[in-house]
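Each chain, written out:
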Amino acid sequence: TPVGIEEGSLHPLSSLYPNPAGGVAYTDLSLTKQTDVIIDVVDMMGQPVLSDYKGTLPAGIHEQLPLNTSELPSGSYMVLLRGSPLGSARRLIVIN
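In this text, all values refer to a predicted model and were calculated from it rather than measured experimentally. (Residues numbered from 1 in each chain as written. Predicted model: local features only at pLDDT ≥ 70, side-chain atom pairs only at ≥ 80, totals over all residues. Heavy atoms only, no water.)

> Sorry if this is basic, but what is going on with the pattern of salt bridges here?
Opposite charge on two side chains permits them to pair, given that their charged atoms come into close proximity. Taken as a whole and assessed by the stated rule, the structure comprises 1 salt bridge. Between Asp 40 and Arg 82 there is a salt bridge, with its nearest N and O atoms 2.5 Å apart. Placement of the pair is Asp 40 in strand 3 (residues 35–43) and Arg 82 in strand 6 (residues 75–82), with a sequence separation of 42 residues. A residue is classified by how much of its surface remains accessible, and Asp 40, at 8% relative accessible area, is buried. Taking relative accessible area as the criterion, Arg 82 reaches 43% and is therefore assigned partly exposed. (Salt bridge = Lys/Arg side-chain N within 4 Å of Asp/Glu carboxyl O. Helix = DSSP H or I, 4+ residues; strand = E, 2+ residues; numbered from the N terminus. Buried < 20%, exposed > 50% of the residue type's maximum accessible area, 1.4 Å probe, protein only.)

In structure tokens form, the structure reads like this:
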């Protein structure tokens, strides 16, 4: 039995920029279907430090969703996308 991954679903959190970021970072999403999306930023211990987006997005490419990093101390974080079929994560460096 063939096993595969639906095209476009492996990395729905397609980009995160600028990285390193100071003040604000932007993310682009690629969704294969309408999805309830939550974007969280967690520290390297997995503790949530920022929940910057929650909502339903239609299928397609969504560009420049802002993440306000101005209140975060400088360091390494993970940006987590929840709600997509597989979820996605990207590392973000904050320099404030």
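> For this particular structure, what's the right way to read the sheet that holds strand 4 (residues 48–57)?
Adjacent strands of a sheet form backbone hydrogen bonds with each other and so pair up, either parallel or antiparallel. The strand order across the open sheet built from 4 strands is 4-3-6-7, with neighbouring strands paired in antiparallel fashion. Each having just a single partner strand, strand 4 and strand 7 (88–94) make up the two edges of the open sheet. Between one strand axis and the next, the sheet turns through 20 degrees on average, direction left out of account. (Pairing = 2+ DSSP bridges. Axes fitted to C-alpha atoms, helices over the stretch in contact; angles between N-to-C directions.)

> Would you take a moment to explain the side chain of Asp 28 for this structure?
Assignment of secondary structure puts Asp 28 in strand 2 (residues 24–31). Comment: no salt bridge for buried Asp 28; closest opposite-charge side chain is Arg 90, at 10 Å. Separated by 3.0 Å, the side chains of Asp 28 and Tyr 17 make a polar contact. At 2.8 Å, the side chain of Asp 28 and the backbone nitrogen of Gln 64 are in polar contact. In this view, Asp 28 contacts Pro 12, Leu 13, Ser 14, Ser 15, Tyr 17, His 62, Glu 63 and Gln 64; residues no more than four positions away in its chain are not counted. (Lys, Arg positive; Asp, Glu negative; His and termini not counted. Polar contact = N/O pair within 3.5 Å; in protein donor to acceptor, adjacent residues only side chain to side chain. Contact = heavy atoms within 4.5 Å.)

> Whenever I open this one, the sheet that holds strand 1 (residues 13–17) confuses me. Can you help?
Strand order in the open sheet formed by 3 strands is 1-2-5, and the pairing between neighbours is antiparallel. Each edge of the open sheet is held by one strand with a lone partner, namely strand 1 and strand 5 (60–68). The sheet shows a mean angle of 20 degrees between the axes of neighbouring strands, direction not considered. The pairing of strand 2 with strand 5 spans 7 bridges and is antiparallel. Within the sheet, the bridge partner assigned to Thr 27 lies in strand 5 and is Leu 65.

Don't take any of this as a statement about function, it's just geometry.
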